[in-house]
Amino acid sequence: MSSFIEKPEDVFIPLVEYNNRYISADGHTRLALAVSLGFDEIMGFTTESNDIIVAFAEEAKKRNILSPYDLKIVSHSEYEVVWNKFCDEFLEEYQ
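Basis of the calculations
Residues numbered from 1 in each chain as written. Predicted model: local features only at pLDDT ≥ 70, side-chain atom pairs only at ≥ 80, totals over all residues. Heavy atoms only, no water. Helix = DSSP H or I, 4+ residues; strand = E, 2+ residues; numbered from the N terminus. Rg over C-alpha atoms; globule rule 2.2 N^0.38 Å. Contact = heavy atoms within 4.5 Å. Areas by Shrake-Rupley, 256 points an atom, 1.4 Å probe, with all protein chains shown as cover. Salt bridge = Lys/Arg side-chain N within 4 Å of Asp/Glu carboxyl O. Buried < 20%, exposed > 50% of the residue type's maximum accessible area, 1.4 Å probe, protein only. Pairing = 2+ DSSP bridges. Axes fitted to C-alpha atoms, helices over the stretch in contact; angles between N-to-C directions.

## Observations concerning the overall build of the protein chain
In terms of helices and strands, the protein chain carries three helices and three strands. Helices (α) and strands (β) of the protein chain occur, in sequence order from the N terminus, as β-β-α-β-α-α. Over its C-alpha atoms the protein chain spans a radius of gyration of 14 Å, differing by no more than 12% from the 12 Å that the globule rule assigns to 95 residues. Along the first, second and third principal axes, the C-alpha atoms of the protein chain reach 40 × 35 × 20 Å. Summarising the internal contacts of the protein chain: among those between residues at least 6 apart in sequence, 69% fall at separations of at least 24. When the accessible surface of the protein chain is totalled, it reaches about 7,100 Å², and 51% of it is carbon and sulfur.

## Some points on the pattern of salt bridges
Taken as a whole and assessed by the stated rule, the structure comprises four salt bridges. With its nearest N and O atoms 3.2 Å apart, the salt bridge here joins D10 to K7. Residue class for K7 comes out partly exposed when judged on its relative accessible area of 42%. A salt bridge links E89 to K85, with the shortest nitrogen-to-oxygen separation between them at 3.0 Å. Placement of the pair is E89 and K85 together in helix α3 (residues 76–94), with a separation of four residues, close to one helical turn.

## Concerning helix α1 (residues 28–36)
Buried within α1 are the following residues: L31, A32, L33 and A34. Packing partners of the buried residues in α1 comprise β1 (12–18) and β2 (21–24). Two residues or fewer past α1, G38 is found with a positive phi of approximately 85 degrees.

## Some words on the sheet that holds strand β3 (residues 43–46)
With respect to topology, three strands assemble into an open sheet ordered β2-β1-β3, the strand pairing being mixed. Each edge of the open sheet carries a strand with a single partner, namely β2 and β3. Taking each pair of neighbouring strands and ignoring which way they run, the sheet shows an average axis angle of 45 degrees. Relative to β3, β1 runs parallel, the two being bridged by four bridges. Residue pairing across strands places P14 opposite F45, the latter belonging to β3.

Honestly, that's just the spatial picture; any functional story needs more than this.
What follows is the structure, encoded as structure tokens:
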């Protein structure tokens, strides 16, 4: 992503309204990169929420991940293992 994200306008993510705030429905890697590049604002659009997005947001809150500043930067190979494992386990429990 760092090869095509050069300015805040290059980061565009879906947002859902939840508990009087906006949460990202996707694009967490782009948000982490935006933070590392020092962007204070990025582009976004609102979209419909669903139970899975809310459940992920609640899980993030339990893990003290409340903003993009709380995301841990990992290598791509680490991301594939950690994120995929987390998603598989989370979705299995959720269903």
